[in-house]
Amino acid sequence: MGKKAQKAYLELSTALAELPEPPQCADERYKHMFFVEPMDVGTPDALAMRIIRQNEIDAKLICDFCKVKALCAEYAITAHEAFGVWGGTSPTDRKAIYASVRATATGLPATPLLFD
Ligand code: SF4
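Residues numbered from 1 in each chain as written. Predicted model: local features only at pLDDT ≥ 70, side-chain atom pairs only at ≥ 80, totals over all residues.

Caption draft 1: Representation of the site of the ligand in the model. Taken together, 13 residues form the shell around the ligand, and within it Pro23, Cys25, Cys63, Cys66 and Cys72 come nearest. Mapped onto the shell around the ligand, the elements with two or more residues apiece are α3 (46-64) and α4 (69-79). Of the residues assigned to the shell around the ligand, the class counts are 10 nonpolar, 2 polar and 1 charged. (Near = placed C-beta within 6 Å. Helix = DSSP H or I, 4+ residues; strand = E, 2+ residues; numbered from the N terminus. Nonpolar A, V, L, I, M, F, W, Y, C, P; charged D, E, K, R; others polar.)

Caption draft 2: Spotlight on the nonpolar core. Counting residues in hydrophobic clusters, the biggest one holds 16 residues, and the most contacted among them are Leu12, Cys72, Tyr75, Ala76 and Trp86. Counting residues per element, the ones that place at least two in this core are α1 (3-18), α2 (31-34), α3 and α4. With 6 residues, the top contributor of residues to this core is α4. With sequence-adjacent residues up to four places away left out, Cys72 is seen in contact with Leu12, Trp86 and Gly87. (Core = buried A, V, L, I, M, F, W, Y, C linked by C-beta atoms within 7 Å. Buried ≥ 20, exposed ≤ 12 C-beta atoms within 10 Å, placed from the backbone. Contact = placed C-beta atoms within 7 Å.)

Caption draft 3: Region of the structure containing the environment of Lys67. Within the fold, Lys67 resides in the loop between α3 and α4. Spatially, the C-alpha atoms of Lys67 and Leu16 are 8.8 Å apart, while their sequence positions differ by 51 residues.

Caption draft 4: Structural view of unusual backbone geometry. In this structure, His80 takes a positive phi of about 55° despite not being glycine. Along the chain, the position of His80 falls in the loop between α4 and α5 (91-106).

Caption draft 5: Spatial organisation of the environment of Ala99. Within the element layout of this structure, Ala99 appears in helix α5. Once the C-alpha coordinates of Ala99 and Pro109 are considered, the two residues, 10 residues apart in sequence, prove to be 8.3 Å apart.

Caption draft 6: Examining α3 more closely. Compared with an ideal rise of 1.5 Å per residue, which puts 19 residues at 27 Å, α3 spans 27 Å between its outermost C-alpha atoms and is within 8% of the ideal. Within the sequence span of α3, burial applies to Asn55, Glu56, Ala59 and Cys63. Burial along α3 is one-sided: seen end-on, the buried residues are contained in an arc of 105°. Away from its buried face, by an angle of more than 90 degrees, α3 presents the exposed residues Ala46, Leu47, Arg50, Gln54, Ile57, Leu61 and Asp64. (Expected span 1.5 Å × (residues − 1). Arc of directions from axis to C-beta.)

In short, shape yes, function no, at least from these values alone.
Right, here's the structure in full:
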């Protein structure tokens, strides 16, 4: 983990520790929405992908009410978290952000890279 990601992680950890109670993504009833992967719902067919997308939508709604949302998203983006919903961003959202940043830096179109 790079220094920026370490700093973002520390800031997120500090903010989480100051919450009156753990965030809802840590609740056993909702955890599955945040870190679902194709293998968790069987083969990565269309139904599995629909379940994953719906879980992401539900997780993002929970993030919208979380007091550490901005710090959580900042950490996930900085650390290039490949999996899960963090701070209201899905892996696809984060790939789009990286592509946009690359496009701004290089002047090339914002096409997400495969295996990013
Ligand atoms: S913003 Fe979302 S993923 Fe981050 S701590 Fe809050 S509920 Fe969990």
